[in-house]
Amino acid sequence: MTIATLFSYIKIQIDMTDIPKCPKCNSEYTYFDGMLYVCPDCGHEFSADDTAEEAADVARDSNGAELFDGDAVTVIKDLKVKGSSMVIKRGTKVKSIRLTENPEEVDCKIEGSSIVLKTCFLKK
Ligand SMILES: [Zn+2]
């Protein structure tokens, strides 16, 4: 299989199976024009990213709220810091988190130390 046929195969797969409904008017007759999804009913054009808000690679706190760089969060559980005697107490406020490549972990600074926290122990 050449790369060209592979691409057309992928495109057909997208066309056949993966067309989201129009986010504006909920029409089912949207089609993929190679770059964007197009709704023939209301003329709305949208990308696959617009419909992927529930994607798995979004960092979320223990309540499912989306986390962003610079968010302030609260720790909801006493956490031992690996490799040290430090314990981050439940209720500790973290001023400014930084997202990492792993959606389950965020970087932050607590008492001057860089620490990686699991998002499941955080709350906005
Ligand atoms: Zn529409």
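> What am I meant to see in the pairing of strand β10 (residues 113-118) here?
Note on strand geometry: in a regular strand, side chains alternate between the two faces of the sheet. Bridge count for strand β9 (residues 105-110) against β10 is 6 bridges, and the pairing is antiparallel. Across the sheet, the residue bridging to cysteine 108 is isoleucine 115, located in β10. Counted between consecutive antiparallel strands, the loop separating β9 from β10 contains 2 residues, among which glutamate 111 sits at a positive phi close to 50 degrees.

> Quick question: what am I supposed to make of the sheet that holds strand β8 (residues 98-99) here?
Either a parallel or an antiparallel arrangement is found when strands of a sheet pair, and the pairing is made through backbone hydrogen bonds. Read across the sheet, 3 strands follow the order β8-β9-β10 without closing on themselves; strand pairing throughout is antiparallel. Each end of this open sheet is capped by a strand with a single partner; those strands are β8 and β10.

> Teacher, can you tell me more about the nonpolar core here?
Among soluble globular proteins, nonpolar side chains are generally buried collectively. Of all hydrophobic cores here, the largest spans 9 residues; its members are Ala59, Val73, Val75, Ile88, Ile97, Val106, Cys108, Leu117 and Leu122. At the level of secondary structure, the elements contributing two or more residues to this core comprise β4 (73-75) and β9. Other than its neighbours up to four places away in sequence, valine 75 contacts Ile88, Arg90, Gly91, Thr92, Val94, Phe121 and Leu122.

> How do you make sense of the environment of isoleucine 97 when you look at a structure like this?
Here isoleucine 97 is to be found in the loop between β7 (93-94) and β8. The exposure class assigned to isoleucine 97 is buried, which follows from the 23 C-beta atoms found within 10 Å. In sequence terms isoleucine 97 and aspartate 69 are 28 residues apart; their C-alpha atoms lie 5.7 Å from each other. Not counting residues within four places of it along the chain, the set of residues in contact with isoleucine 97 comprises Leu67, Asp71, Val73, Val106, Asp107 and Cys108.

> Help me out: how do you make sense of the pairing of β9 in this one?
Two strands pair when backbone bridges link them, and β8 and β9 are joined in this way by 2 bridges, in the antiparallel orientation. Across the sheet, residue leucine 99 finds its bridge partner in β9, namely valine 106. Counting the residues that bridge the hairpin from β8 to β9 gives 5 residues.

> Please explain the environment of lysine 77 as it appears in this structure.
With respect to the helices and strands, lysine 77 occurs in the loop between β4 and β5 (79-80). For the pair lysine 77 and phenylalanine 121, spaced 44 residues apart in sequence, the C-alpha separation works out to 6.2 Å. Ignoring any residue separated from it by four or fewer positions in sequence, one finds lysine 77 in contact with Arg90 and Phe121.

The rules behind these values
Residues numbered from 1 in each chain as written. Predicted model: local features only at pLDDT ≥ 70, side-chain atom pairs only at ≥ 80, totals over all residues. Pairing = 2+ DSSP bridges. Helix = DSSP H or I, 4+ residues; strand = E, 2+ residues; numbered from the N terminus. Core = buried A, V, L, I, M, F, W, Y, C linked by C-beta atoms within 7 Å. Buried ≥ 20, exposed ≤ 12 C-beta atoms within 10 Å, placed from the backbone. Contact = placed C-beta atoms within 7 Å.

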